[in-house]
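The lines below spell out each chain.
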Amino acid sequence: MRYLHWLLTRLAGGLFVLWAVATLVFIGIRLVPGDPVEAIVGGPGSQAGPEAFALARAEYGLDQPLPVQYGTMLANLASGDLGTSYSLKAPVAEVVAEQLPGTLTLAFLAWALAWVLAVAAALFTALATGPRLARLADALGSGLEILAAAVPHFWLGSILVLVFATGLGWLPPVATDSAAGLVLPVATLALPLAGFLGQVMRESLATALASPFALAARARGESEAGVLLRHGLRHAALPGISLSGWALGSLISGAVVVEALFARGGLGRTLLSAVTARDIPLVTGVVLVSALTYVVVMAAADVVERLVDPRPESARTTALRASTPHPAPASGRP
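On a predicted model such as this, the values are computed, not experimentally measured, just so you know.

Undergrad: For this particular structure, what's the right way to read the nonpolar core?
TA: Where a protein is soluble and globular, its nonpolar side chains tend to be buried together. Leu184 and Leu251 are the most contacted members of the largest nonpolar core, which totals 37 residues. Among the secondary structure elements, those contributing two or more residues to this core are helix H5 (92-126), helix H7 (153-167), helix H8 (179-209), helix H10 (224-242) and helix H11 (244-261). When residues in this core are grouped by element, the largest group, 11 residues, is from H8. Grouped together as the second largest cluster of nonpolar side chains are 25 residues, Ala22, Ile280, Leu282 and Ala291 included.

Undergrad: Just checking my understanding: could you explain the side chain of Thr23 for this structure?
TA: In this structure, Thr23 sits in helix H1 (residues 2-31). Taking the relative accessible area as the measure of exposure, Thr23 reaches 14% and is therefore buried.

Undergrad: Would you take a moment to explain the side chain of Gln99 for this structure?
TA: Among the structural elements, Gln99 can be located in helix H5. Here Gly266 takes part through its backbone nitrogen, which lies 3.0 Å from a polar atom of the side chain of Gln99. Apart from the residues lying within four places of it in its own chain, the contact partners of Gln99 are Gly265, Gly266, Leu267 and Thr270.

Undergrad: Looking at this structure, how should I read the environment of Arg278?
TA: Looking at where Arg278 falls in the secondary structure, it is placed in the loop between helix H12 (267-276) and helix H13 (280-308). Looking at Arg278, the relative accessible area reads 6%, which means it is buried. Residues Arg278 and Val37, 241 residues apart in the sequence, show an inter-C-alpha distance of 8.4 Å.

Undergrad: What's the story with the packing of aromatic side chains in this structure? I'm lost.
TA: We describe a pair of aromatic rings using the distance from one ring centre to the other and the angle between the two ring planes. Scanning the entire structure with this criterion turns up three aromatic pairs. Both rings, one in Phe164 and one in Trp170, keep their centres 6.1 Å apart while their planes meet at 45°; by these two values the pair is tilted. By relative accessible area, Trp170 is classed as exposed at 61%.

Undergrad: What is the right way to look at the packing of H7 against H11 in this model?
TA: Packed helices, taken two at a time, are described by the angle between their axes plus the distance between the axes. Where H7 meets H11, the axes come as close as 9 Å, and the angle between the chain directions of the two elements is 30°. Judged by the inter-axis angle, H7 sits roughly parallel to H11. H7 and H11 meet at a crossing whose hand is right-handed. Contact residues: His153, Phe154, Gly157 and Ser158 in H7; Gly254, Val257, Val258 and Leu261 in H11.

Undergrad: Would you explain H7 in this entry?
TA: Side chains of residues three or four places apart in an α-helix project in the same direction, reflecting 3.6 residues per turn. The terminal C-alpha atoms of H7 lie 20 Å apart, and with 15 residues this matches the ideal 21 Å at 1.5 Å per residue to within 8%. Largest kink in H7: about 30°, centred on Val161. Along H7, the residues that are buried comprise His153, Leu156, Gly157, Leu160, Val161 and Ala165.

Undergrad: Whenever I open this one, the environment of Val258 confuses me. Can you help?
TA: Positionally, Val258 belongs in helix H11. With 104 residues separating them along the chain, Val258 and Phe154 place their C-alpha atoms 6.9 Å apart.

Criteria and thresholds
- Residues numbered from 1 in each chain as written.
- Predicted model: local features only at pLDDT ≥ 70, side-chain atom pairs only at ≥ 80, totals over all residues.
- Heavy atoms only, no water.
- Core = buried A, V, L, I, M, F, W, Y, C linked by side-chain atoms within 4.5 Å.
- Buried < 20%, exposed > 50% of the residue type's maximum accessible area, 1.4 Å probe, protein only.
- Helix = DSSP H or I, 4+ residues; strand = E, 2+ residues; numbered from the N terminus.
- Polar contact = N/O pair within 3.5 Å; in protein donor to acceptor, adjacent residues only side chain to side chain.
- Contact = heavy atoms within 4.5 Å.
- Phe/Tyr/Trp six-rings, centres within 6.5 Å; stacked < 30°, edge-to-face > 60°.
- Axes fitted to C-alpha atoms, helices over the stretch in contact; angles between N-to-C directions.
- Parallel < 35°, antiparallel > 145°, perpendicular 65-115°, else oblique.
- Left-handed = near helix turned anticlockwise from the far one by under 90°.
- Expected span 1.5 Å × (residues − 1).
- Bend = angle between axes of the 7 residues up to and from the residue.

Here you go:
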């Protein structure tokens, strides 16, 4: 019964998020200067006359009052109809299905790399022996994490291209389907997130290693490595798991900048082009799919957290609030 209540609560919350996103997109896209009918009749340079504009408005319902347009949009979305793209003249569902795998591949690879770097940074600090070396490792790790978390994606990507593509010639300056072509885009997305997760992991691991359960494990004769790997990392990972939904959402939003910078196809570039063209159905479809991905990943992260940490909900919430630091916000990320 408890899990059914949790599932229903999650479902209701997810539907509310999708409704709120659709509403904000409906309002926001209409605040952008320009006429969306231009995208239907061929763009700003089109030679279409007033009759063509009037026919396009009537065909797509843009001649109706805004409340009617809003209600029609919600009804279509509820039935699973994302509409037809004004600029591409293709079903939005097909456009999104074509572009989504590239963005998800980029986001998941960056998420995995960020976790690897965050765990490595936490272990580097935890394994430092001696007071002086421990302080040096903590200061170095903290400085690098804050620097990484504060770097804007567009600046970091430009520097990586300048060094590894233009300067050293090791990697291509634009994204390709090869493994080498993914390195720079993935690193550009992963490094700022790794800085944030690294701060969370490092502080949580230090707290876990000083907790009573770690002291009890040492008293039983368990080695320091065993305490670290079997107990410390498991508890230190919990705040990061809780933040994984937010992290993947930030990666998908950051893909708008990265895909444009590295000329890589995906939802990011599609969304940018759709906003420029005031393509209302395509903007709505891309944003809703991104929001749905965020909701699903948040729910999955919740399930994983429950499996890793068997404590009651209240105890998990209290521990998370106590162990999660407040790092400097990452600038330049949507």
